[in-house]
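Report on the structure
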Amino acid sequence: PQQKRWLDTISSSGESLLTIVNDILDLSKMSSGHLQLDIQETDLHRVVHECLRLYASTAERKGLRLKVLPSSLRIKSDATYIRRILQNLISNAIRYTASGTVLVGTRRTRRSVRIEVWDTGPGIPQSEHEIIFKEFHRLNARSSASEGLGLGLAIVDRACALLRHPLSVDSTVGKG
C-alpha cells in the first residue's frame, strides 16, 4: 500500500510537470507568431471523447460524473488546438468541482457550432470573467503549483484567438 501511494504521488507529479512544460511551450509557440495551424474538417465527437478518456480517472478519483452529449457535428479547425482547448477547460472543470458533474456538449447554432463545458463547481464571479484568461492568474490562490500555474485558460484564450473562435464564460457563483 505504501509503494502504491508513492507511485501515485510520483505519477501525479510527473503529469503535473509535463502539463506545465507543455503549457509553457504552447504559450511560447503562440507568442512567437511562427505557429503553423492545420485547418481541416474535424469530428468533434471523437476529439471530445479523446479528452474525456484522458481525464476519466481523475474525475473518478474525485467522485465526479464526467459526461458527454452525443454529437455528429464536424468543424473546420485545427484538431490539435481544439483538443488542447478542451483539455484545459475539462481539466479546470474537474479541478474546481468538488462534487457532481462535468458535462461536455456541442450545439449547432445558425452558422456555427458551440462547444460547451458545464460543471457543478463553485462558479466564477462576474468580476473575474475577464481576468481568468490572464497568465498565472488562479481564482484559488491557495492551490499548489502541482495543480497548475494558471496558464491553462491563457492558452485557451490565445488558441481561440488564433483560430478565430469566439470564447465566452457563463458562470454563476454557487452553481458552476
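Going along each chain's sequence as written, the residues are numbered from 1 onward. Side-chain atom pairs in this predicted model are given and counted only at pLDDT of 80 or more, local residue features only at pLDDT of at least 70, and totals for whole chains, interfaces and linings cover all residues. Water and hydrogen atoms were dropped before computing side-chain values, which therefore reflect all heavy atoms in the structure.

1. Digging into the overall build of the chain
Applied cut-off: Helix and strand assignments follow DSSP, with helices taken as H or I runs no shorter than four residues and strands as E runs no shorter than two, numbered in order from the N terminus. Accessibility here uses a 1.4 Å probe with only protein chains present; expressed as a share of the type maximum, an area under 20% marks a residue as buried, one over 50% as exposed, and anything in between as partly exposed. The contact definition used throughout considers only heavy atoms, calling two residues in contact when any of these lie within 4.5 Å. Here the open area of atoms and residues is found with the Shrake-Rupley method and a 1.4 Å probe, where only the protein chains shown may cover a residue.
Counting its regular elements, the chain contains four helices and five strands. Of the regular secondary structure in the chain, the N- to C-terminal order runs α-β-α-β-β-α-β-β-α. In the chain, which comprises 176 residues, the proportion classed as buried is 35%. For the chain, the proportion of contacts with a sequence separation of at least 24, taken over those separated by at least 6, is 72%. On the chain, roughly 11,300 Å² of surface is accessible, and the fraction owed to carbon and sulfur atoms is 53%.

2. Remarks on the side chain of threonine 42
Note the threshold: For this analysis, a polar contact is any N or O atom pair within 3.5 Å, provided that within protein one partner can donate a hydrogen and the other can accept it, and provided that sequence-adjacent residues contribute only side-chain to side-chain pairs.
For threonine 42, the position within the fold is in strand 1 (residues 39-43). Here the side chain of threonine 42 touches glutamine 40 through a polar contact of 3.1 Å, landing on its backbone oxygen. Look past the residues within four positions of threonine 42 in its chain and what remains in contact with it is Val47, Leu73, Arg74, Ile75, Ser77 and Ala79.

3. Considering helix 2 (residues 44-62)
We apply this condition: Take the number of residues in a helix, subtract one, and multiply by 1.5 Å to get its expected span. To obtain the bend at a residue, axes are fitted to the seven residues ending there and to the seven starting there, and the angle between these axes is taken.
Along its 19 residues, helix 2 runs 26 Å from first to last C-alpha, staying within 8% of the 27 Å computed at 1.5 Å per residue. For helix 2, the principal kink sits at tyrosine 55 and spans about 45°. Buried within helix 2 we find Leu44, Val47, Val48, Cys51, Leu52, Tyr55 and Ala59. Residues of helix 2 that are buried sit in contact with strand 1, strand 2 (65-68), strand 3 (74-78), helix 3 (79-96), strand 4 (101-108) and strand 5 (113-119). The N-cap residue of helix 2 is aspartate 43: its side-chain oxygen and the backbone nitrogen of histidine 45 are 3.1 Å apart. Glycine 63, located one to two residues past helix 2, shows a positive phi value of around 80°.

4. Focus: the nonpolar core
Definition in use: To form a nonpolar core, buried Ala, Val, Leu, Ile, Met, Phe, Trp, Tyr and Cys residues must be joined to one another through side-chain atoms within 4.5 Å.
Judged by nonpolar contacts, the single largest core of 28 residues is most densely connected at Ile82, Ile85, Leu86, Ile90, Ile94 and Val104. Only helix 2, helix 3, strand 4 and helix 4 (152-163) provide two or more residues apiece to this core. Beyond its immediate chain neighbours, meaning those up to four positions away, valine 104 contacts Val48, Leu52, Lys67, Val68, Leu69, Leu86, Ile90, Glu116 and Val117.

5. Remarks on helix 4
Given 3.6 residues to a turn, an α-helix orients residues that are three or four positions apart in the same direction. The end-to-end C-alpha distance of helix 4, which contains 12 residues, comes to 16 Å, matching closely the 16 Å that a straight helix rising 1.5 Å per residue would cover. Burial in helix 4 covers these residues: Gly152, Leu153, Ala154, Ile155, Val156, Ala159, Cys160 and Leu163. Downstream of helix 4 by a residue or two, arginine 164 has a phi angle that is positive, lying close to 60°.

6. Observations concerning the pattern of salt bridges
Keep this limit in mind: Salt bridge, as used here: a side-chain nitrogen of Lys or Arg that lies within 4 Å of a carboxyl oxygen of Asp or Glu.
All told, the structure shown has six salt bridges when counted by the stated rule. The salt bridge partner of arginine 46 is glutamate 50, with a shortest N-O separation of 2.8 Å. Of this pair, arginine 46 and glutamate 50 are both found in helix 2, four residues apart, which corresponds to roughly one turn of the helix. On the basis of relative accessible area, glutamate 50 is assigned to the partly exposed category, the value being 24%. Taking the shortest distance from any N to any O, the salt bridge between glutamate 116 and arginine 107 comes out at 3.0 Å.

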